[in-house]
Amino acid sequence: MIDLNLLREDPESIRDSQRLRGEDPGLVDQALDADARRRSALAEFETARAEQKSLGKQVAQASADERPALLAQTKQLAEQVKAFQADSNAAAAELDEVLAQIQNVVEGAPPGGEDDYIVVKHVGQARDFAAEGFEPADHLAIGERLGAIDTARGAKVSGSRFYYLTGVGARLELALLNAAMDTALAAGFNPVITPTLVKPEIMAGTGFLGRHADEIYHLGTDDLYLVGTSEVALAGFHSDEIVDLSDGPLRYAGWSACYRREAGSHGKDVRGIIRVHQFHKVEMFSYTRVADAADEHRRLLELEEKMLALVDLPYRVIDTAAGDLGSSAARKFDCEAWLPTQQRYLELTSTSNCTTYQARRLGVRERVDSGPTQTVATLNGTLGTTRWIVAILENHQQADGSVRVPEGLRPYLGGLEVLEPVR
RNA sequence: GGAGACGUCGCAUAGUCUGGUCUAGUGCGCCACCCUGCUAAGGUGGUAACGGGGCAACCCGUUCGAGGGUUCGAAUCCCUCCGUCUCCGCCA
């Protein structure tokens, strides 16, 4: 949710942001109008209510003679109060509805849509398989040879976009996620294993129930949502709390399964485990002061790059364009690894600065110098996911069908240096 | 799944039976000041969030787990839901 004070004091900045995103700037004026009507309705209600309370006190002290007249008066007032309250509630609901549609105010992201990202940098060198004299196999072919990935049985048991990680595949995922957890731990993050089912208000608070609500699994019987990332549970962790950031940001590293319906992606990335309904992820999540958010964002990006270096992948960093940002994000950097068999980059990490957008909805505040409370900023970033296996297998494959284990992962695989084919 | 108890201002608790004097009391903690060789003890005052109005001091409203109802008036009565605890049953 955007800041109401900003809306009142500088609506043009929000209109600008909406335009940058390719969203409707007219929502800002609808919100201003609804806000004005809510305030006048509220004033009416509060005046009437104050009168009702003072009359109520007189009733209590009145003598038996005076009482009937007072009661008649106050009875009438009670009806008015009820009506005013209904008006006020309706206006507030209207404002909420408009506010919910306004996305976070963009902060520094380049203008344009999905293809208008800016490449911040390239790191590492893509291998020249032609020069090495062999045709690279794709991750599924490699994974099947290693006995690491089984999509056929995944489909048999759970349907398309499900898979089993077996043998060295299972070990590889655990190794990767443990390495991610250790990286986070070393950087001062508090490790957390989160719930993966959350209540509607938490899912809504993180901004995932907007336009892309059909991406999310919902359990109707219990009215719970399956999270698409532990970001949701970590954002909810301090909801409705006044946190203490005087010793610096609160930093968490969440480990969880993630569930995505992948509605609307039919026919896209259907082979292998690039785009799946369920995977595991280690996610960084920070609560910071507003002024510290941009610095923290850089720090999260650095940690992501550290993990990419650890598994020795060539990648690029992109600064996502405003039109391609999620509704909660003010700015977002993705790290994309090179995928040799598809001659393209594949998103492995994504770090967003959500400024106060999520925290405002979720009621996460801090106390500054015994003054009033202030909404904090929230940020998130990926440190490792099942998908990384795709890039690792493809980039480190060898001519004989084996896969070199990047040195950084060897300690997590009992020193294993090469994954050998089993068939 | 069954039975019961409970959910009050950071924590602990009073208030609920018998609706209005609750502008929610008290203790602890915390903050400021006073007293004071230092510390401890003591004294005085303050001590929620959110929203509305005002240049401001301040005023007003909402919130006693959540929502609804009864009533002129609800922490207090009624209903529904959520949560916690205890016991019983069942089961990874």
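None of the values given here were measured: they were computed from a predicted structure.

Asker: Sorry, what's going on with the protein's contact with RNA strand B here?
Answerer: The environment of RNA strand B is made up of 22 residues, and the closest members are R8, R49, K53, R367 and T373. Backbone atoms, meaning sugar and phosphate, form 74% of the atoms of RNA strand B found within 4 Å of the protein. Separating a phosphate oxygen of RNA strand B from a side-chain N or O atom of K75 is a distance of 3.0 Å. Within the side chain of R365, a nitrogen or oxygen atom sits 2.8 Å from a sugar or linking oxygen of RNA strand B. Of all the elements in the fold, those that place two or more residues in the surface near RNA strand B are α3 (26-61), α4 (67-101) and β14 (364-367). In terms of residues, the surface near RNA strand B owes the most to one element, α3, which gives 12 residues. Along the lines of polarity and charge, the residues of the surface near RNA strand B split into 8 nonpolar, 4 polar and 10 charged.

Asker: What is the right way to look at the domain arrangement of chain A in this model?
Answerer: The figure often quoted for interface size is the accessible area lost as the parts come together. Parsing chain A into structural domains produces domain 1 (4-101) and domain 2 (114-419). On a C-alpha basis, the centroid separation for the pair domain 1 and domain 2 is 43 Å. Counting from both sides, the interface comprises 4 residues of domain 1 and, opposite them, 9 residues of domain 2. Summing both sides of the interface, domain 1 and domain 2 together bury roughly 470 Å²; the carbon and sulfur share of this comes to 30%. Our count for the domain 1 to domain 2 interface comes out at 0 salt bridges. In this assembly, domain 1 and domain 2 are joined by 2 residue pairs in polar contact (both at pLDDT 80 or more). Counted by class, the side of domain 1 that touches domain 2 contains 2 nonpolar, no polar and 2 charged residues.

Asker: Sorry, what's going on with the side chain of H297 here?
Answerer: Relative to the assigned elements, H297 resides in helix α11 (residues 293-310). A distance of 2.9 Å separates the side chain of H297 from the backbone oxygen of T351, its partner in a polar contact. In contact with H297, other than residues within four places in its own chain, are R331, K332, F333, T351, S352, N353 and L379.

Here is what the cut-offs are and how they apply
- Residues numbered from 1 in each chain as written.
- Chains lettered and ligands numbered in written order.
- Predicted model: local features only at pLDDT ≥ 70, side-chain atom pairs only at ≥ 80, totals over all residues.
- Heavy atoms only, no water.
- Near = heavy atom within 4 Å.
- Polar contact = N/O pair within 3.5 Å; in protein donor to acceptor, adjacent residues only side chain to side chain.
- Helix = DSSP H or I, 4+ residues; strand = E, 2+ residues; numbered from the N terminus.
- Nonpolar A, V, L, I, M, F, W, Y, C, P; charged D, E, K, R; others polar.
- Domains from an automatic or database assignment.
- Contact = heavy atoms within 4.5 Å.
- Buried area = accessible area lost by both parts, 1.4 Å probe.
- Salt bridge = Lys/Arg side-chain N within 4 Å of Asp/Glu carboxyl O.

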